[in-house]
Amino acid sequence: QLAEFNEYRTVEKPPRFDEKGNLEVLLFTLRSKMRANNQIPYMPTEGKLISDINRAWEALEKSEHERELALREELTRQEKLEQLAARFDRKAAMREKWLNDVQRLFTTDNFGSDLASVEAAAKKQEAIETEAFTYTERIRAVEEVFETLESEKYHDIDRIATRKENILRMWKYIWELLTARRMRLKLSLQLQQNFQEMLYILDSMEEIKVSRRSETS
């Protein structure tokens, strides 16, 4: 629109300005000749007087100025929206990477085959969940940028909305993975603890057997 407006001011408007000037000259020349011929000078009808034309031209100039300001303001607004959209994309890319990394981490249950390994896996799980809790604000930040773009009627809002919804789906899925993995990890830890308890009991029984043999001998 700004390009069209500039074309109007540089291409369409100048000839109209020349016509206005020529009209004043022609009217002056005509009236002068009529006076010289002792004729009643021609007087344009109301609304077509030179003063009327000048007032209309001034109104046009004022409208042009207001239109230019409005267009430049809109251009500035659109530029800010583009910058905000770029910010959204940067944030979205970081969130998507983190979510994908966590998802890959939880595709398999590498808890280990002994109590120490499972306990280490449990601590790692707790650390990831803590990080996930803090990540809530970052996910919300993505939503807030989207909401601003939506309220400002950003032209590419459909793409932004699709990416935002995908992040929210991934976020929900991550929490489902975290919850399910926590339960499996808890069960594995319990099994390892029970197994260690059984080994302790077996060792104790073996020590008792050895002690009794020593006593009988």
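Scroll up a little and you will see the structure.
The rules behind the values
- All residue numbers here refer to positions counted from 1 along the written sequence of the relevant chain.
- Where totals are concerned, whole chains, interfaces and linings use all residues; where local detail is concerned, this predicted model gives features only for residues with pLDDT of at least 70, and gives and counts side-chain atom pairs only at 80 or more.
- Note that water and hydrogens are dropped before the side-chain values are worked out from all heavy atoms of the structure.
- Strands here mean DSSP runs of E at least two residues long; helices mean DSSP runs of H or I at least four residues long; both are numbered from the N terminus.
- Throughout this description, buried means an accessible area under 20% of the type-specific maximum (1.4 Å probe, protein chains only), exposed means over 50%, and partly exposed covers the range between.
- Residue contacts are defined here by distance: any two heavy atoms, one from each residue, within 4.5 Å place the two residues in contact.
- Residue types Ala, Val, Leu, Ile, Met, Phe, Trp, Tyr and Cys, when buried and joined through side-chain atoms within 4.5 Å, form a set referred to as a nonpolar core.
- Two N or O atoms count as a polar contact when they lie within 3.5 Å, although within protein this holds only if one can serve as hydrogen donor and the other as acceptor, and sequence-adjacent residues are included solely when both atoms are side-chain atoms.
- Angles shown run from 0 to 180 degrees and are taken between the N-to-C directions of axes, each axis being a line fitted to C-alpha atoms and, for helices, limited to the stretch in contact.
- For this classification, under 35 degrees means roughly parallel, over 145 means roughly antiparallel, 65 to 115 means roughly perpendicular, and everything else is oblique.
- Helix crossings get a hand from a simple test, with the near helix turned counterclockwise from the far one by less than a right angle marking a left-handed crossing and a clockwise turn marking a right-handed one.
- Here the nonpolar group is Ala, Val, Leu, Ile, Met, Phe, Trp, Tyr, Cys and Pro; Asp, Glu, Lys and Arg are the charged ones; every other residue, Gly included, is treated as polar.
- Ring pairs shown here join Phe, Tyr and Trp side chains whose ring centres sit within 6.5 Å, with only the six-membered ring taken for Trp; geometry is labelled stacked below 30 degrees between planes, edge-to-face above 60, and tilted in between.
- A pair is scored as a salt bridge if a Lys or Arg side-chain nitrogen falls within 4 Å of a carboxyl oxygen belonging to Asp or Glu.

1. A short note on the environment of Q125
Phase 1 of the analysis: In this fold, Q125 is placed in helix 3 (residues 115-151).
Phase 2 of the analysis: With a relative accessible area of 3%, Q125 lands in the buried category.
Phase 3 of the analysis: When the C-alpha positions of Q125 and I201 are compared, they lie 30 Å apart, and in sequence the two are 76 residues distant.
Phase 4 of the analysis: Not counting the four nearest positions on each side in its chain, Q125 is found in contact with F106, L178, R181, R182 and L185.

2. Here's the deal with the nonpolar core
Phase 1 of the analysis: Counting residues in hydrophobic clusters, the biggest one holds 27 residues, and the most contacted among them are F88, W98, L99, L149, I160, W171 and L178.
Phase 2 of the analysis: Only helix 2 (50-105), helix 3 and helix 4 (157-216) provide two or more residues apiece to this core.
Phase 3 of the analysis: Of all the elements, helix 4 adds the most residues to this core, at nine residues.
Phase 4 of the analysis: If sequence neighbours within four positions are ignored, F88 has contacts with V142, V145, F146, L149, I160, R163 and K164.
Phase 5 of the analysis: Formed by five residues, the second largest nonpolar core is a distinct cluster that contains F111, V118, A121 and A122.

3. Examining the environment of R104
Phase 1 of the analysis: Its place among the elements puts R104 in helix 2.
Phase 2 of the analysis: Here the side chain of R104 touches D101 through a polar contact of 2.3 Å, side chain to side chain.

4. What to know about the environment of R95
Phase 1 of the analysis: With respect to the helices, strands and loops of the structure, R95 is situated in helix 2.
Phase 2 of the analysis: R95 gets classed as buried once you look at its relative accessible area, which sits at 6%.
Phase 3 of the analysis: Considering only alpha carbons, one finds R95 and W171, 76 residues apart in sequence, at a separation of 9.1 Å.
Phase 4 of the analysis: Contacts of R95, omitting those with residues within four sequence positions, involve Y135, R138, I139, V142 and I167.

5. Description of the packing of helix 2 against helix 3
Phase 1 of the analysis: Contact geometry for helix 2 and helix 3: axes closest at 10 Å, N-to-C directions at 155 degrees. The angle between helix 2 and helix 3 places the two elements in the roughly antiparallel class. Classified by chirality, the crossing of helix 3 by helix 2 is left-handed. For the pair formed by helix 2 and helix 3, the contact residues are L81, L84, A85, F88, K91, M94, R95, W98, V102 and L105 on the first element and K124, I128, E131, A132, Y135, R138, I139, V142, V145, F146, T148 and L149 on the second.
Phase 2 of the analysis: Each residue belonging to the contact of helix 2 with helix 3 can be placed in one class, and the counts come to 16 nonpolar, one polar and five charged.

6. Overview of unusual backbone geometry
Phase 1 of the analysis: Although it is not a glycine, N38 adopts a positive phi angle of roughly 55 degrees.
Phase 2 of the analysis: Within the fold, N38 resides in the loop between helix 1 (2-36) and helix 2.

7. Details of the packing of aromatic side chains
Aromatic rings in a pair are described by how distant their centres are and how their planes are angled relative to each other.
Phase 1 of the analysis: Applying the stated rule across the entire model yields five aromatic pairs.
Phase 2 of the analysis: Look at W171 and W175: their rings are 5.8 Å apart centre to centre, the planes differ by 90 degrees, and that puts the pair in the edge-to-face class. Remark: W175 and W171 occur in helix 4; sequence separation between them is four residues, near one turn of the helix.

8. Points about the pattern of salt bridges
A side chain with one charge can pair with a side chain of the opposite charge if their charged atoms come near.
Phase 1 of the analysis: Enumeration over the complete set of coordinates arrives at 15 salt bridges.
Phase 2 of the analysis: Salt-bridge contacts for E74 lead to R77; the nearest nitrogen and oxygen are separated by 3.0 Å. Placement of the pair is E74 and R77 together in helix 2, with a separation of three residues, close to one helical turn.
Phase 3 of the analysis: Here R77 falls in the partly exposed class, since its relative accessible area comes to 26%.
Phase 4 of the analysis: Of the charged contacts in the structure, one is a salt bridge between D101 and K97, with a shortest N-O distance of 3.0 Å. Residue D101 and its partner K97 are located together in helix 2, separated by four residues, close to a single helical turn.
Phase 5 of the analysis: By relative accessible area, which is 54% here, K97 ends up exposed.
Phase 6 of the analysis: Linked through salt bridges whose partners overlap, the residues forming this network are D89, E96, D156, R159 and R163.

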